[in-house]
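Structural description and commentary
The lines below spell out each chain.
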Amino acid sequence: MRGISSVINIHLRHKLTWFYLPWMIMAFSFLVNLLIGVLINGETLYTGGLGTIYIFMFVTSLTTAIQLFPFTTGFSIRRTDFFIGTLTFITLISIFNSALLVVLSHIEVWTGAWGDHMRFFNLPYLNDGSWLIQFVVNVILMLWFSMLGLGIGAFFLRFRGIRTFIMLAAVTIIISGLSLIAMRYEWWGPIFKWFASHSALDLTLWMIPIVLILALCSRQCLRRSTV
Amino acid sequence: MSQTVIEVNNLSKVYKDFTAVDNVSFRIEANKIYGLLGRNGAGKTTIMQMITAQQFSTKGEIRVFGEHPYENNKVIQQICFIRESQKYPDLVTVRDVMGIASDVYPNWDAEYAKALIEIFRLPMKRLVKRLSRGMLSAVGIIVGLASRAPITVFDEPYLGLDAVARELFYDQLIEDYTSHPRTIILSTHLIDEVSRLLEHIILIDEGKILLDSDTDELRGRTCNVIGHQSAVESFIQGRKVIHTESLGSMVSATVMGKTEAEVKQEAAQAGLETVPVSLQQLIVHLTRNGKVASR
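All values reported here derive from a predicted model rather than from experimental measurement.

The secondary structure content of chain B amounts to 11 helices and 13 strands. Along the longest, intermediate and shortest principal axes, the C-alpha atoms of chain B span 65 × 40 × 40 Å. Across the 295 residues in chain B, those meeting the buried criterion constitute 54%. Sequence-distant contacts, at least 24 apart, represent 70% of the contacts inside chain B between residues at least 6 apart. Of the accessible surface of chain B, which amounts to about 13000 Å², a share of 49% is contributed by carbon and sulfur atoms. One way to put it: in chain B the 33 positive side-chain charges average out to a point 5 Å from where the 36 negative ones average out.

Next up, the structure:
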């Protein structure tokens, strides 16, 4: 337990990258968009500023994993404790951020999209459903982005630069290949239809197994990592 | 005989194209100060990393407090491993590092850490990333001392430290070791500086153990024998000679005897002069020759 709580404490010392920085950038993007919305004073703006927080979860998970693991290992903390501590922290901050996002989305609805100028926190499709559904969708999305970051970080710690590059290149090639095949056989139409027929909640529920697999792979990589 | 805290048997670490550690066996006993000596790249750090489960061994057995250290909190929280290349995250300050260390090490002494920070004049609020090389080394030294871990390893802990700070480190180490006995392993190549601290020496070269001996005993049984060429040459017949050098007709031979008294007495009987050998000279000769001396 000592090790796990130490890891959480170390993450807490990095509130700047985990918390302040993404929210500051989001606040900035919010203000700029609102200003534009007020200035053009036409149709309601739909912005993608919300994406900032997800991108940040991905990048911060990736970089802190790579930076913190050699540090904690040098400070007599087990690999497993690093993993569990990091996972716990990511889950907690995802819950916290999601709750905040749900509140902001409700404020947005309540203010009538900030005087009908802009939709920033409450986007169609993504924010359909009750506050609980919105919350769950947000938490899973955030976990998904974080686990992707942590997974790549753990892979790098285990296999180092060149093999990580090859892995990412291989994944890119496979995805491009699949999308080419999808184009060739005209699968995109049905794929979009399938997406449209499912709610954001349905889709994110599908992400749960991916999150779990990513977490498991990260753990396995970290257990064999050296400093 | 005191309790064994680390036991290593036939330990090897083989990388793709070279052997970093080659079939090494040794024991570390409780509450002694060990010197893990050897040239750069001899395999000292790799051995310590395997003992602390930071690296995986290719072959062999490691027991620390009777257990394997891998993912074993009972073991690794008893070890504080300070190494020159310890990495710190970008955003931590000296204060943060001390806070984290106090979280991690069960025996952490915050008062002592505070005192050491003043002694080494470390700026508490500065980011570790922005410290000078010497200050960075001081951070490691403070963590190592104040952790009071039953096994504390300092692996080249003083890169960039000036002579004053190094002396401070040795003094603090001896002082704190006396009041809180524990096992300390110093890995270094500044041998002369630490020779007064070391109770036991393990000398490693090219991944192999050249020497594993008590410091006093080692000092006792090695000496330079000086005299005329013929006399020295007949004296060193059948003895273990580490090094010889001659100046005109005089020859000086560094001889390692079986027991402390043996060499000196016999040399005196043969009318030869004996002079003590410094630890540094001895180690230099041993590692330069690459000959395997007796354990």
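Residues given the UniProt feature "domain: ABC transporter" (unreviewed entry) here are residues 6–231 of chain B. Here residues 6–231 of chain B is 35% helix and 30% strand, with 45 Å between the C-alpha atoms at its ends.

One finds Phe75, Leu101 and Phe121 of chain A together with Val139, Val143 and Phe169 of chain B to be the most contacted residues of the largest nonpolar core, which totals 104 residues. If one sorts the elements of this core by residue count, helix 6 (residues 131–184) of chain A sits on top with 11 residues. Counting contributing residues per domain, this core is built from domain 1 (4–206) and domain 2 (217–289) of chain B, each supplying no fewer than three. Those residues in contact with Phe169 of chain B that lie beyond four places of it in its chain are Phe120, Ile141, Leu145, Phe154, Pro157, Tyr158 and Leu186 of chain B. Counting residues in hydrophobic clusters, the runner-up holds 28 residues, among them Ile6, Met48, Ile185 and Ile204 of chain B.

Looking now at empty space enclosed by the protein. Taken as a whole and assessed by the stated rule, the structure comprises two cavities of 30 Å³ or more. Taken as a whole, the largest cavity encloses approximately 130 Å³ of empty space. Forming the boundary of the largest cavity are 17 residues, of which Ile82, Arg83, Gln86, Tyr88 and Gly140 of chain B lie nearest the centre. Taken together, the elements giving at least two residues each to the lining of the largest cavity come down to strand 5 (79–83) and helix 5 (133–147) of chain B. Considering every element that reaches the lining of the largest cavity, the biggest residue donor is helix 5 of chain B, with five residues. Each residue belonging to the lining of the largest cavity can be placed in one class, and the counts come to nine nonpolar, four polar and four charged. Reported here for the second largest cavity is a volume of approximately 110 Å³. Considering the residues around the second largest cavity, the lining is formed by 13 residues, among which Thr73 and Ser76 of chain A together with Thr52, Gln54 and Ile76 of chain B are closest to the centre. Every element with two or more residues in the lining of the second largest cavity is listed here: helix 3 (51–74) of chain A together with strand 5 of chain B. Residue composition of the lining of the second largest cavity, by class: five nonpolar, five polar and three charged.

Within helix 3 (residues 94–104) of chain B, eight of the 11 residues are buried, which leaves it mostly tucked inside the rest of the structure. Buried within helix 3 of chain B we find Val94, Asp96, Val97, Met98, Gly99, Ile100, Ala101 and Val104 of chain B. The secondary structure elements touched by the buried residues of helix 3 of chain B are helix 1 (2–12) and helix 3 of chain A together with helix 4 (110–119) and helix 5 of chain B.

Take helix 5 of chain B next. All names here are of chain B. Here helix 5 is 15 residues long and its end C-alpha atoms lie 21 Å apart, about the 21 Å a rise of 1.5 Å per residue gives. Across the 15 residues that make up helix 5, a large majority, 12, are buried. All buried positions along helix 5 are accounted for by Gly134, Ser137, Ala138, Val139, Gly140, Ile141, Ile142, Val143, Gly144, Leu145, Ala146 and Ser147. Count one or two residues on from helix 5 and you reach Arg148, which has phi positive near 45 degrees.

Attention now goes to the pattern of salt bridges. Evaluated as defined, the whole model comprises 20 salt bridges over all chains. Its salt-bridge partner being Asp96 of chain B, residue Arg13 of chain A comes within 3.0 Å of it at the nearest N-O pair. With Arg13 of chain A in the loop between helix 1 and helix 2 (15–40) and Asp96 of chain B in helix 3, this residue pair bridges two chains. A salt bridge links Glu167 of chain B to Arg196 of chain B, with the nearest nitrogen and oxygen atoms 3.3 Å apart. On the criterion of sequence distance, the pair formed by Glu167 of chain B in helix 6 (residues 163–179) and Arg196 of chain B in the loop between helix 7 (191–194) and strand 8 (200–205) is long-range, its members being 29 residues apart. Residues joined in a network through salt bridges with shared partners are Asp109, Arg148, Asp176 and Arg182 of chain B.

Quick notes on the rules
Chains are numbered independently. Their residues run from 1 in the order of the written sequence. Starting at A for chains and at 1 for ligands, labels are handed out in the order in which the entities are written. The predicted nature of this model means local features are confined to residues of pLDDT at least 70 and side-chain atom pairs, given and counted, to a pLDDT of 80 or more, with totals for whole chains, interfaces and linings taken over all residues. Hydrogens and waters are ignored; side-chain quantities use all the structure's heavy atoms. What counts as a helix is a DSSP run of H or I of at least four residues, what counts as a strand is a run of E of at least two, and both are numbered from the N terminus. Relative accessibility decides the category of a residue: with a 1.4 Å probe and only protein chains considered, values under 20% of the type maximum give buried, values over 50% give exposed, and everything between is partly exposed. Residues count as neighbours in contact if any of their non-hydrogen atoms are within 4.5 Å of one another. Here the Shrake-Rupley method, with its probe set to 1.4 Å, supplies the accessible areas, and only the displayed protein chains count as covering residues. Residues counted as positive are Lys and Arg, residues counted as negative are Asp and Glu, and His and the chain ends are not counted. For charged residues, the charge sits on one atom: NZ in Lys, CZ in Arg, CG in Asp, CD in Glu. UniProt positions are given in the numbering used here, feature names are shortened, and annotations may be inferred rather than shown by experiment. Joining through side-chain atoms within 4.5 Å is the link that ties buried Ala, Val, Leu, Ile, Met, Phe, Trp, Tyr and Cys residues into a set, and such a set is a nonpolar core. Reported domain spans reflect what an automatic or database domain assignment gives. Any residue with an atom within 4 Å of a point lines the site, the site being either a cavity, points on a 1 Å grid over the protein atoms alone where a 1.4 Å probe fits but cannot get out, or a pocket, an open set with protein on both sides within 12 Å along at least 5 of 7 lines. Grid points are joined across faces, edges and corners, and a volume is the space filled by probe spheres set on the points. Gly is put with the polar residues, along with every residue not named as nonpolar or charged; the nonpolar set is Ala, Val, Leu, Ile, Met, Phe, Trp, Tyr, Cys and Pro, and the charged set is Asp, Glu, Lys and Arg. Helix span is expected to be 1.5 Å times the residue number reduced by one. Take a side-chain nitrogen of Lys or Arg and a carboxyl oxygen of Asp or Glu: if they are within 4 Å of each other, that pair is a salt bridge.

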